[in-house]
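Chain residues, written in single-letter form:
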Amino acid sequence: MKLTFLGTGTSCGVPTIGCKCYTCTSKDPHDKRLRCSALLETEQTRLLIDCGPDFRQQIMTQPFRKIDGILITHAHYDHMGGMDDIRPYCQFGEINVYADPLACQGMLQMLPYCFAEHRYPGVPAIQLHQIEKHHPFQIGDLQIMPFEVMHHDLPILGFRIGSLAYITDMKSIHEEEITFIKGCETLVVNALRNTPHHSHQTLSEAVDFARRIGARQTWLIHSSHDIGRHKEVNAQLPSDIQLAYDGQVIEV
Ligand SMILES: [Zn+2]
Ligand SMILES: [Zn+2]
Ligand SMILES: [Zn+2]
(Lines give C-alpha, C1' and ligand atoms only; values in the text may rest on other atoms or scores of the structure.)
(Ligands and ions follow the chains in the order given, each with its own letter.)
Protein backbone atom coordinates (compact mmCIF):
# COMPACT_ATOMS: atom_id res chain seq x y z
CA MET A 1 0.00 0.00 0.00
CA LYS A 2 1.03 3.55 -0.65
CA LEU A 3 -0.06 6.34 1.71
CA THR A 4 0.15 9.95 0.60
CA PHE A 5 -0.25 12.63 3.24
CA LEU A 6 -2.43 15.21 1.51
CA GLY A 7 -2.61 17.40 4.60
CA THR A 8 -0.94 17.30 8.02
CA GLY A 9 -2.16 20.51 9.63
CA THR A 10 -4.63 21.34 12.35
CA SER A 11 -8.11 22.76 11.73
CA CYS A 12 -6.95 26.24 10.67
CA GLY A 13 -3.95 25.07 8.64
CA VAL A 14 -0.37 26.38 8.74
CA PRO A 15 0.43 29.19 8.16
CA THR A 16 -2.46 30.47 10.22
CA ILE A 17 -4.30 33.39 8.66
CA GLY A 18 -2.83 36.69 9.83
CA CYS A 19 -0.01 35.07 11.85
CA LYS A 20 3.60 36.24 11.63
CA CYS A 21 5.09 33.71 14.06
CA TYR A 22 8.35 31.83 13.51
CA THR A 23 6.59 28.77 11.98
CA CYS A 24 4.13 30.71 9.85
CA THR A 25 6.89 32.83 8.28
CA SER A 26 9.05 29.80 7.41
CA LYS A 27 10.06 29.50 3.75
CA ASP A 28 10.38 25.71 4.07
CA PRO A 29 7.53 23.95 2.18
CA HIS A 30 7.47 21.36 5.01
CA ASP A 31 5.99 24.10 7.19
CA LYS A 32 2.95 24.56 4.94
CA ARG A 33 0.26 22.31 6.39
CA LEU A 34 -3.14 21.88 4.79
CA ARG A 35 -6.02 20.33 6.70
CA CYS A 36 -5.62 16.61 7.52
CA SER A 37 -6.34 14.06 4.83
CA ALA A 38 -4.57 11.08 3.29
CA LEU A 39 -4.82 8.95 0.17
CA LEU A 40 -4.31 5.21 0.55
CA GLU A 41 -3.70 3.23 -2.64
CA THR A 42 -3.07 -0.30 -3.78
CA GLU A 43 -2.92 -1.49 -7.41
CA GLN A 44 -6.71 -2.01 -7.25
CA THR A 45 -8.11 0.33 -4.64
CA ARG A 46 -7.95 4.01 -3.88
CA LEU A 47 -9.27 5.37 -0.57
CA LEU A 48 -9.41 8.88 0.76
CA ILE A 49 -9.28 9.35 4.53
CA ASP A 50 -11.21 12.51 5.42
CA CYS A 51 -12.17 15.21 2.98
CA GLY A 52 -11.45 18.61 4.48
CA PRO A 53 -11.79 22.12 3.06
CA ASP A 54 -8.43 21.83 1.24
CA PHE A 55 -9.53 18.73 -0.71
CA ARG A 56 -9.68 20.51 -4.08
CA GLN A 57 -6.13 21.84 -3.80
CA GLN A 58 -4.86 18.53 -2.40
CA ILE A 59 -6.37 16.23 -5.01
CA MET A 60 -5.18 18.39 -7.93
CA THR A 61 -1.66 17.16 -7.14
CA GLN A 62 -2.78 13.58 -7.87
CA PRO A 63 -3.71 11.75 -11.09
CA PHE A 64 -7.41 12.10 -11.87
CA ARG A 65 -8.94 8.67 -11.42
CA LYS A 66 -11.70 6.95 -9.49
CA ILE A 67 -11.83 7.14 -5.69
CA ASP A 68 -13.32 3.88 -4.38
CA GLY A 69 -14.27 5.14 -0.95
CA ILE A 70 -13.99 8.00 1.48
CA LEU A 71 -13.47 7.11 5.14
CA ILE A 72 -14.62 9.82 7.54
CA THR A 73 -13.08 9.97 11.02
CA HIS A 74 -15.62 12.48 12.41
CA ALA A 75 -18.00 15.27 11.52
CA HIS A 76 -15.78 18.29 12.14
CA TYR A 77 -15.50 20.77 9.29
CA ASP A 78 -11.72 20.31 8.89
CA HIS A 79 -12.38 16.61 8.06
CA MET A 80 -15.54 16.94 5.95
CA GLY A 81 -15.66 20.49 4.60
CA GLY A 82 -14.47 19.51 1.11
CA MET A 83 -17.20 16.99 0.37
CA ASP A 84 -18.96 19.16 -2.22
CA ASP A 85 -15.73 19.26 -4.26
CA ILE A 86 -15.88 15.51 -4.94
CA ARG A 87 -18.32 16.32 -7.80
CA PRO A 88 -15.81 15.67 -10.64
CA TYR A 89 -15.25 12.13 -9.27
CA CYS A 90 -18.95 11.32 -9.69
CA GLN A 91 -18.26 10.74 -13.38
CA PHE A 92 -16.84 7.39 -12.22
CA GLY A 93 -20.07 6.60 -10.36
CA GLU A 94 -21.54 7.34 -6.95
CA ILE A 95 -19.04 8.18 -4.23
CA ASN A 96 -19.07 5.69 -1.39
CA VAL A 97 -18.64 7.45 1.93
CA TYR A 98 -18.11 5.47 5.16
CA ALA A 99 -18.89 7.14 8.48
CA ASP A 100 -20.15 6.26 11.95
CA PRO A 101 -23.75 7.18 12.92
CA LEU A 102 -22.76 10.60 14.33
CA ALA A 103 -20.70 11.51 11.27
CA CYS A 104 -23.50 10.27 8.96
CA GLN A 105 -25.83 12.65 10.79
CA GLY A 106 -23.27 15.45 10.36
CA MET A 107 -23.05 14.67 6.65
CA LEU A 108 -26.85 14.96 6.25
CA GLN A 109 -26.79 18.30 8.08
CA MET A 110 -23.82 19.70 6.16
CA LEU A 111 -24.94 18.55 2.71
CA PRO A 112 -28.76 18.25 2.93
CA TYR A 113 -29.07 18.96 -0.81
CA CYS A 114 -27.11 15.77 -1.63
CA PHE A 115 -29.72 13.65 0.13
CA ALA A 116 -32.90 15.52 -0.88
CA GLU A 117 -35.64 13.65 -2.71
CA HIS A 118 -35.36 15.92 -5.74
CA ARG A 119 -31.68 16.66 -6.10
CA TYR A 120 -30.48 19.68 -8.06
CA PRO A 121 -28.67 18.36 -11.15
CA GLY A 122 -24.92 18.19 -10.64
CA VAL A 123 -24.80 17.94 -6.85
CA PRO A 124 -22.45 15.22 -5.55
CA ALA A 125 -23.91 11.71 -5.76
CA ILE A 126 -23.03 10.25 -2.37
CA GLN A 127 -23.74 6.73 -1.22
CA LEU A 128 -23.52 6.93 2.55
CA HIS A 129 -22.50 3.74 4.39
CA GLN A 130 -22.98 3.68 8.14
CA ILE A 131 -20.14 1.87 9.84
CA GLU A 132 -19.59 0.93 13.47
CA LYS A 133 -16.47 0.49 15.54
CA HIS A 134 -15.11 -3.08 15.60
CA HIS A 135 -17.17 -4.09 12.53
CA PRO A 136 -14.72 -4.62 9.69
CA PHE A 137 -15.70 -3.97 6.09
CA GLN A 138 -14.11 -4.43 2.69
CA ILE A 139 -13.44 -1.91 -0.07
CA GLY A 140 -11.75 -3.52 -3.09
CA ASP A 141 -8.75 -5.45 -1.80
CA LEU A 142 -8.59 -3.55 1.49
CA GLN A 143 -10.15 -4.64 4.75
CA ILE A 144 -10.86 -1.81 7.15
CA MET A 145 -11.31 -2.20 10.90
CA PRO A 146 -12.76 0.92 12.53
CA PHE A 147 -11.90 1.49 16.18
CA GLU A 148 -12.74 4.28 18.61
CA VAL A 149 -10.65 7.09 20.01
CA MET A 150 -11.82 9.99 22.16
CA HIS A 151 -11.66 13.58 20.87
CA HIS A 152 -12.30 15.19 24.27
CA ASP A 153 -15.74 13.62 25.01
CA LEU A 154 -16.59 12.90 21.36
CA PRO A 155 -16.04 9.29 20.26
CA ILE A 156 -14.55 9.29 16.75
CA LEU A 157 -13.07 6.63 14.46
CA GLY A 158 -9.56 5.51 13.79
CA PHE A 159 -8.87 2.93 11.08
CA ARG A 160 -6.71 -0.18 11.03
CA ILE A 161 -5.96 -1.24 7.48
CA GLY A 162 -3.45 -4.10 7.23
CA SER A 163 -0.24 -2.99 8.91
CA LEU A 164 -1.37 0.66 9.06
CA ALA A 165 -3.24 2.35 11.91
CA TYR A 166 -4.51 5.86 11.18
CA ILE A 167 -5.66 8.10 14.03
CA THR A 168 -6.42 11.80 14.02
CA ASP A 169 -7.88 14.23 16.59
CA MET A 170 -7.33 11.89 19.55
CA LYS A 171 -6.99 13.07 23.13
CA SER A 172 -7.41 9.72 24.86
CA ILE A 173 -8.28 6.10 24.15
CA HIS A 174 -10.00 3.34 26.07
CA GLU A 175 -7.81 0.39 26.95
CA GLU A 176 -9.90 -2.12 24.95
CA GLU A 177 -9.22 -0.23 21.70
CA ILE A 178 -5.48 -0.81 21.94
CA THR A 179 -5.84 -4.42 20.74
CA PHE A 180 -7.04 -3.09 17.37
CA ILE A 181 -3.92 -0.98 16.97
CA LYS A 182 -1.20 -3.20 18.48
CA GLY A 183 0.98 -4.95 15.96
CA CYS A 184 0.72 -2.26 13.31
CA GLU A 185 3.97 -1.46 11.54
CA THR A 186 3.03 2.07 10.62
CA LEU A 187 1.16 4.32 13.02
CA VAL A 188 -0.23 7.70 12.00
CA VAL A 189 -1.37 9.75 14.97
CA ASN A 190 -2.05 13.36 15.88
CA ALA A 191 0.30 15.74 17.75
CA LEU A 192 -1.02 19.29 18.03
CA ARG A 193 1.61 21.34 19.92
CA ASN A 194 3.57 21.35 23.17
CA THR A 195 1.08 23.00 25.53
CA PRO A 196 -1.95 21.00 26.71
CA HIS A 197 -5.22 21.06 24.76
CA HIS A 198 -8.61 19.70 25.86
CA SER A 199 -9.29 17.64 22.72
CA HIS A 200 -5.92 16.92 21.07
CA GLN A 201 -2.75 15.15 22.13
CA THR A 202 0.34 17.23 22.71
CA LEU A 203 3.62 16.22 21.09
CA SER A 204 4.82 14.46 24.25
CA GLU A 205 1.48 12.65 24.65
CA ALA A 206 1.79 11.50 21.04
CA VAL A 207 5.34 10.25 21.63
CA ASP A 208 4.17 8.35 24.73
CA PHE A 209 1.32 6.83 22.73
CA ALA A 210 3.69 5.88 19.90
CA ARG A 211 5.98 4.12 22.41
CA ARG A 212 2.99 2.30 23.91
CA ILE A 213 1.98 0.98 20.48
CA GLY A 214 5.54 0.27 19.41
CA ALA A 215 5.08 0.55 15.64
CA ARG A 216 8.18 0.33 13.45
CA GLN A 217 7.50 3.90 12.32
CA THR A 218 5.13 6.56 13.66
CA TRP A 219 4.15 9.62 11.65
CA LEU A 220 2.64 12.62 13.43
CA ILE A 221 -0.13 14.75 11.89
CA HIS A 222 -2.70 17.46 12.71
CA SER A 223 -0.04 19.88 13.95
CA SER A 224 -0.51 23.59 14.58
CA HIS A 225 1.99 26.42 14.08
CA ASP A 226 2.73 26.23 17.80
CA ILE A 227 4.60 22.96 17.30
CA GLY A 228 7.45 24.83 15.61
CA ARG A 229 9.29 24.26 12.36
CA HIS A 230 9.20 20.78 10.84
CA LYS A 231 12.97 20.37 10.46
CA GLU A 232 13.78 21.53 13.99
CA VAL A 233 11.05 19.46 15.66
CA ASN A 234 12.05 16.32 13.75
CA ALA A 235 15.71 16.80 14.72
CA GLN A 236 14.61 16.63 18.39
CA LEU A 237 12.41 13.55 17.89
CA PRO A 238 13.57 9.92 17.66
CA SER A 239 13.97 8.74 14.05
CA ASP A 240 11.07 6.27 14.41
CA ILE A 241 8.65 9.02 15.51
CA GLN A 242 8.61 11.95 13.11
CA LEU A 243 6.32 14.72 11.93
CA ALA A 244 4.84 13.94 8.52
CA TYR A 245 4.60 16.66 5.88
CA ASP A 246 2.16 17.50 3.12
CA GLY A 247 2.86 15.52 -0.04
CA GLN A 248 4.93 12.89 1.74
CA VAL A 249 4.49 9.39 0.33
CA ILE A 250 5.20 6.29 2.39
CA GLU A 251 5.06 2.60 1.59
CA VAL A 252 3.07 0.62 4.14
ZN1 LIG B 1 -9.36 18.02 13.15
ZN1 LIG C 1 1.81 31.25 13.34
ZN1 LIG D 1 -12.01 17.30 15.27
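So, here's what we can say about the structure. (Residues numbered from 1 in each chain as written. Chains lettered and ligands numbered in written order. Predicted model: local features only at pLDDT ≥ 70, side-chain atom pairs only at ≥ 80, totals over all residues. Heavy atoms only, no water.)

1. Overview of the environment of Val 233
Within the element layout of this structure, Val 233 appears in helix H6 (residues 230-236). Along the chain, Val 233 and Leu 243 lie 10 residues apart, while their C-alpha atoms are 7.7 Å from each other. (Helix = DSSP H or I, 4+ residues; strand = E, 2+ residues; numbered from the N terminus.)

2. Focus: the sheet that holds strand E14 (residues 249-251)
Think of a sheet as strands paired side by side through backbone hydrogen bonds, with each pair either parallel or antiparallel. Pairing is mixed across the open sheet formed by 7 strands, whose spatial order is E6-E5-E4-E3-E2-E1-E14. Edge positions in the sheet fall to strand E6 (126-130) and E14, since each of these pairs with one other strand and no more. Averaged over neighbouring strand pairs, the angle between their axes works out to 25° when direction is ignored. Bridge analysis of strand E5 (residues 95-99) against E6 gives 5 bridges, and the strand direction is parallel. (Pairing = 2+ DSSP bridges. Axes fitted to C-alpha atoms, helices over the stretch in contact; angles between N-to-C directions.)

3. Overview of the coordination of the zinc ion (ligand 1)
Listed as protein donors to the zinc ion (ligand 1) are Asp 78 (OD), His 79 (NE2), Asp 169 (OD) and His 222 (NE2); their distances from the metal cover 2.1 to 2.2 Å. Given 4 donor atoms and angles of 92 to 160° at the metal, the environment of the zinc ion (ligand 1) is assigned as irregular. The sequence pattern formed by the donor residues of the zinc ion (ligand 1) is D-H-x89-D-x52-H. (Donors = N, O, S within 2.8 Å, 3.2 Å for Na, K, Ca; no water. Tetrahedral: all angles 85-135°; square planar, octahedral: opposite > 155°, others 65-115°.)

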